[in-house]
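This is what each chain is made of:
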Amino acid sequence: MNGTPTGIGIYCRTLAASTHGTPAVMAKRCRDNGIAFVALLGCWQDKSGPGRTFKQRVDSIARTREYAQACRDAGLDVWLWGFPWLGHEADYMKAMVNVAHGIGGVRGFLHDPEVSYRDKNAAKASASSRGQGEAVDSQPEGTALSTARAAQALLELDAQAIADLRLAPSGITSYGMADWHPLPWRQLAADGRVWGSPQLYTVSPSQVDQGLASWKSRGFSTLLPSVPTYGENSGAKLDAHLARFVDGGGEPTIDGFVIWSMPQTSGVEWPILKRWASMLKAKACV
């Protein structure tokens, strides 16, 4: 898909010198280790905690602008990722667009619909696709019909923002094992207009193949999997985990990965990412 990112990208959240280094330090670390793009947090919505009250958080635009500019100066593309909540798509996209205007030079959006977009009436999966709980302390709220309508609204607002800002096609990231999670996948795939980033973190080799196939079957033709620098597939095991995506097991062509996340990435993992970035660029992954 024209405009889809390639190579190694990395999620960055709650930007601060204590977690990411200064803007210049973070940008240099990424550049020196082959990172091609950063996904900076644009807007986070949730309904968790006491009272399950709705919250929307946007980090300091001024601080985000400093990190974004440093990354662009280092030759990295800047994407904005966000966590939308069912029924609040208009406020979410307004915030994402506002951040994009505020920091300038954004390449595109990466949306992360998860628990609120699950059908509350569907049977629960027998296992988690990530070996952990939900990203927020909440439960599914919508039905199959309401979540489908919300996902369609999200992607319609996204399409308008792309046209207005002249951005690249957006990405969708969510549960890696689509077979296990009743999301409105058809609406999220938007007839192939978006690229997909299945979160395949704490999964087995066979589940890598299943997860990729499940996203392809739901209409995502271009995939850049989200992979971990935490948990059982991280550290020295990261190399073997990345190899599972290109081991000839019938997987689709993989031209890149998105790493969760920069604050968790250690000195063990940076050289692995640099080597894989070189192999992806040379199309030498087999």
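Being a predicted model, the structure only gives us computed values, none of them experimental.

Caption draft 1: The arrangement of helix 3 (residues 61-73) in detail. Spanning 13 residues, helix 3 covers 18 Å between terminal C-alpha atoms, matching the ideal 18 Å at 1.5 Å per step. For helix 3, the full list of buried residues reads Thr64, Tyr67, Ala68, Ala70 and Cys71. Taken around the axis of helix 3, the buried residues stretch over an arc of 160°, which confines them to a single face. Structurally, helix 3 contributes buried residues whose contacts are with helix 1 (17-20), helix 2 (23-32), strand 2 (35-47), strand 4 (77-83) and helix 4 (89-103). Remark: Gly75 follows helix 3 within two positions and exhibits a positive phi of approximately 90°.

Caption draft 2: How the structure looks around the side chain of Ser234. Looking at the secondary structure, you find Ser234 in the loop between strand 8 (226-228) and helix 8 (238-243). Contact partners of Ser234, with chain neighbours within four places excluded, come to Pro228, Thr229 and Glu269.

Caption draft 3: Highlighting the nonpolar core. Judged by nonpolar contacts, the single largest core of 90 residues is most densely connected at Met26, Val38 and Phe257. With eight residues, strand 2 is the largest single contributor of residues to this core. If near-sequence neighbours (up to four positions away) are discounted, Met26 is found in contact with Cys12, Leu15, His20, Val38, Leu40, Tyr67, Cys71 and Met262.

Caption draft 4: Structural detail: the pattern of salt bridges. The tally for this structure, following the rule as stated, stands at ten salt bridges. Across the salt bridge formed by Lys47 and Glu141, the nearest N and O atoms sit 3.5 Å from each other. Taken together, the residues Lys47 in strand 2 and Glu141 in the loop between strand 5 (108-111) and helix 5 (144-165) connect sequence positions 94 residues apart. Here Glu141 falls in the partly exposed class, since its relative accessible area comes to 30%. Residue Arg52 is joined to Asp137 by a salt bridge in which the shortest nitrogen-to-oxygen separation is 3.5 Å. Placement of Arg52 in the loop between strand 2 and strand 3 (54-57) and of Asp137 in the loop between strand 5 and helix 5 is noted, with a sequence separation of 85 residues between them. Judged by its relative accessible area of 33%, Arg52 falls in the partly exposed class. By relative accessible area, which is 48% here, Asp137 ends up partly exposed. A network of salt bridges, in which partner residues are shared, links Lys28, Arg31 and Asp32.

What counts and what doesn't
- Residues numbered from 1 in each chain as written.
- Predicted model: local features only at pLDDT ≥ 70, side-chain atom pairs only at ≥ 80, totals over all residues.
- Heavy atoms only, no water.
- Helix = DSSP H or I, 4+ residues; strand = E, 2+ residues; numbered from the N terminus.
- Expected span 1.5 Å × (residues − 1).
- Buried < 20%, exposed > 50% of the residue type's maximum accessible area, 1.4 Å probe, protein only.
- Arc of directions from axis to C-beta.
- Contact = heavy atoms within 4.5 Å.
- Core = buried A, V, L, I, M, F, W, Y, C linked by side-chain atoms within 4.5 Å.
- Salt bridge = Lys/Arg side-chain N within 4 Å of Asp/Glu carboxyl O.

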